[in-house]
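Listed below, chain by chain, are the residues.
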Amino acid sequence: MAETGSTTPPRPLGLLAELTHRCPLGCPYCSNPLALDTRDGELAAATWARVFREASVLGVLQVHLSGGEPGARRDLVEIAASAHAAGLYTNLITSGVGLTARRLTELVQAGLDHVQVSIQDSAPSSADHIAGYEGAFTRKHELASEVVRLGLPLTVNAVIHRANIDRVGDMVDLALALGASRVEIAHVQYYGWALKNRAALIPTREQVDRAVTLVDELRARHHGRIVIDAVVPDYYARYPKPCVGGWGRRSFNVTPSGKVLPCHAAESIPGLVFWSVRQHTLAEIWQESPAFNAFRGTAWMKEPCASCPRRDQDFGGCRCQAFALTGDAAATDPVCHLSPNRAQVTALTAVQDDAPYFYRRM
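Report on the accompanying structure. (Residues numbered from 1 in each chain as written. Predicted model: local features only at pLDDT ≥ 70, side-chain atom pairs only at ≥ 80, totals over all residues. Heavy atoms only, no water.)

Structural notes on the overall build of the protein chain
Each helix and strand in the protein chain was counted, giving 14 helices and 9 strands. A compact globule built from 362 residues should have a C-alpha radius of gyration of about 21 Å, and the protein chain, at 20 Å, falls within 12% of that. Out of the 362 residues belonging to the protein chain, those deemed buried represent 53%. For the protein chain, the exposed area adds up to about 14900 Å²; of that, 54% sits on carbon and sulfur atoms. Charge-centre separation for the protein chain: the mean point of 36 positive side chains lies 2 Å from the mean point of 36 negative side chains. (Helix = DSSP H or I, 4+ residues; strand = E, 2+ residues; numbered from the N terminus. Rg over C-alpha atoms; globule rule 2.2 N^0.38 Å. Buried < 20%, exposed > 50% of the residue type's maximum accessible area, 1.4 Å probe, protein only. Areas by Shrake-Rupley, 256 points an atom, 1.4 Å probe, with all protein chains shown as cover. Lys, Arg positive; Asp, Glu negative; His and termini not counted. Charge placed at Lys NZ, Arg CZ, Asp CG, Glu CD.)

Following this line, the structure appears as structure tokens:
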């Protein structure tokens, strides 16, 4: 894969710290890889502290403590404290299952700034079915209430797919009832487990159109009460979204075992070599590693991207999606209407079935 030759990549702003792949839930749209990192290979808290210090020096402003379920780490409070000590705005991304009120209080005392809780649906039985965990809906409510009681800002992340897209309005109402200041209407991205379950998850065009119209109405209705973030799902979009703001431009991920990725799904692209924080500093990885330089800038692009006036806006779209759908990570993201492979995406939206989910387990 061709490198751009860029010698001065922009400074990153965000770090997704994947502390563990362990999680009590089995969500069929989980974007973690099918081959999960094991507990005995996870980075130690002291290594995470070094990573956070290096990230701060590199220019990172915020860190998202994620997983899996970060609450599975017994040293989560220590890790959060080290992120705070490094001067990073610290957001906890949690399933809401596995965190007690006492531990949440300890996290606040350690300097936690924000909590994001995922919800699977507005209906308890459906939510628990999607999560693959009985009682998850109730546990999430309890944790969200505690977050608000402790005075932390709360974001609700609602992952949308065919089974729940017709209840988008109810999920926004739920976020309001929980006291959230922000709700993400996050349509499933088809990587990892979601790709395996795509036919069972993908909504119809009619469902998407209704949801888009409703979100516009909800934004107007709840203006000033809650921020509603939403975008059209990729497979139904006219243009692709910029891949994480542009590959190797704004953010990066550190996996539980220490590999540093330009995006969450980057390991799905064969041939890329991902350096680890066990052998390299973050600055070395960000500036010099082959994987981060593989799709920086525009020199690697093929037509129609190479001559497209949008090439510096969407950077050709998602590299992982391009590979998943075409077998070529340098191809135009096929969700773009200008892609020669667009018909393939249109055909995939018609492949829907109600087969049982393949649940993520570890």
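Brief notes about the packing of aromatic side chains
This structure, assessed with the given rule, holds 6 aromatic pairs. Ring plane angle 85° and centroid distance 5.2 Å describe the contact between Trp247 and Phe295, whose orientation is recorded as edge-to-face. Separated by 48 residues along the polypeptide, Trp247 in the loop between strand S7 (227-230) and strand S8 (251-254) and Phe295 in the loop between helix H11 (290-293) and helix H12 (311-314) bring together distant segments of the chain. We note that Trp247, like Phe295, is buried. With centroids separated by 5.5 Å and ring planes inclined at 55°, the aromatic side chains of Trp286 and Phe292 adopt a geometry described as tilted. For the residue pair Trp286 and Phe292, the accessibility class agrees, reading buried in each case. (Phe/Tyr/Trp six-rings, centres within 6.5 Å; stacked < 30°, edge-to-face > 60°.)

A closer look at the environment of Val156
The residue Val156 is located in strand S5 (residues 154-160) in this model. A relative accessible area of 0% places Val156 in the buried class. Sequence separation of Val156 and Val183 is 27 residues, and the distance between their C-alpha atoms is 4.7 Å. Val156 has contacts with Val117, Ile119, Ala175, Leu178, Ala180, Arg182, Val183 and Glu184, leaving out every residue within four places of it along the chain. (Contact = heavy atoms within 4.5 Å.)

Some thoughts on the packing of helix H3 (residues 101-109) against helix H5 (residues 136-149)
Axis separation between H3 and H5 bottoms out at 10 Å; the angle between their running directions is 35°. Like other packed secondary-structure pairs, H3 and H5 cross with a definite hand, here right-handed. Note on element contacts: H5 touches H3 through Leu143, Glu146 and Val147, opposite Ala101, Leu104 and Thr105. Counted by class, the contact of H3 with H5 contains 4 nonpolar, 1 polar and 1 charged residues. (Axes fitted to C-alpha atoms, helices over the stretch in contact; angles between N-to-C directions. Left-handed = near helix turned anticlockwise from the far one by under 90°. Nonpolar A, V, L, I, M, F, W, Y, C, P; charged D, E, K, R; others polar.)

Describing the pairing of strand S3 (residues 89-94)
Strand residues, when the strand is regular, have side chains that alternate between the two faces of the sheet. Across 4 bridges, the pairing between strand S2 (residues 62-66) and S3 is parallel. Its bridge partner being in S3, His64 is matched across the sheet by Asn91. For the segment spanning S2, helix H2 (residues 76-85) and S3, crossover handedness is right-handed. In this sheet, strand S4 (residues 114-119) lies alongside S3 in parallel orientation, the contact comprising 4 bridges. For Ile93, the partnering residue across the bridge sits in S4 and is Gln116. Between the parallel elements S3 and S4, the chain passes through H3 in a crossover that is right-handed. (Pairing = 2+ DSSP bridges. Right-handed = clockwise from strand over helix to strand, strands pointing away.)

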